[in-house]
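Chain residues, written in single-letter form:
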Amino acid sequence: MKLFSRIAIVLLAAIISIAWFLPQEKIAIYLIGDSTCANKPLDDNPERGWGQLFPNFFTSDVIIENHAVNGRSTKSFRAEGRWQKVYDKLKPGDYVFIQFGHNDSKIADTTRYAEAHTDYKKNIIRYIEEARSKGAIPVLLTPVNRRKYDAQGNFIDQHADYPVVVREVAAE
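Residues numbered from 1 in each chain as written. Predicted model: local features only at pLDDT ≥ 70, side-chain atom pairs only at ≥ 80, totals over all residues. Heavy atoms only, no water.

Chemist: It is not clear to me how the side chain of Asp104 should be interpreted in this structure. Could you clarify?
Modeler: By the secondary structure assignment, Asp104 is in the loop between β3 (95-99) and α5 (116-133). Although buried, Asp104 forms no salt bridge, and the nearest oppositely charged side chain, Lys75, lies 8.7 Å from it. Looking at Asp104, its side chain comes within polar contact range of the side chain of Thr74, at 2.5 Å. The contact partners of Asp104, leaving out residues within four places of it in the chain, are Ser73, Thr74, Lys75, Arg112, Tyr113, Ala114, Tyr120 and Tyr162. (Helix = DSSP H or I, 4+ residues; strand = E, 2+ residues; numbered from the N terminus. Buried < 20%, exposed > 50% of the residue type's maximum accessible area, 1.4 Å probe, protein only. Lys, Arg positive; Asp, Glu negative; His and termini not counted. Salt bridge = Lys/Arg side-chain N within 4 Å of Asp/Glu carboxyl O. Polar contact = N/O pair within 3.5 Å; in protein donor to acceptor, adjacent residues only side chain to side chain. Contact = heavy atoms within 4.5 Å.)

Chemist: Please clarify how the layout of surface pockets should be interpreted in this entry.
Modeler: In this approach, a probe sized like a water molecule rolls over the atoms, and the result shows the empty space that is left. The volume enclosed by the largest pocket comes to roughly 290 Å³. In this structure, the largest pocket is lined by 13 residues; those nearest its centre are Thr36, Glu47, His102, Asn145 and Arg146. Around the second largest pocket, the lining residues are Ile125, Ile128, Glu129, Arg132, Pro138, Val139, Leu140, Val169, Ala170 and Glu172. Elements that contribute at least two residues to the lining of the second largest pocket include exactly α5, β4 (137-140) and α6 (162-171). No other element matches α5, which puts 4 residues into the lining of the second largest pocket. (1 Å grid on protein atoms, 1.4 Å probe; cavity = no way out; pocket = protein on both sides within 12 Å on 5 of 7 lines; lining within 4 Å. Points joined across faces, edges and corners; volume = space filled by probe spheres on them.)

Here it is, written out as structure tokens:
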């Protein structure tokens, strides 16, 4: 019995030691959105999406995948199969940063337009629900303002209700 106890203690210590040295699963953050988040070419181009610089604020313990693409909306990102690629990778504990709105407001473009209080809101909620269904944590971001001013230097808001809707959904 004494020998059995000693063997059990040694085995338990070995298991704990192995678990201590096994690599821990890295945190993954997936970015989905439009040009304000997207990676841009570095050659002679000063423009950068915030998602392109985001990894600079993390250690190698965090995996960041930027899936944002210029010109995409909540509607076109899904229609082009871009969300499916992210969705298929999601694991419990991953994060999905969701930032759309610039292109959802383009009424003349039926492939991207999503009215703020109806389709846009439904699309955002669907991204949230699907991310959560995989155990991922959705993080909502309001659209980044365009730098547009009138002749007097006053800011011209071009997003109207899109940031409002994001805040409403986040509060629910």
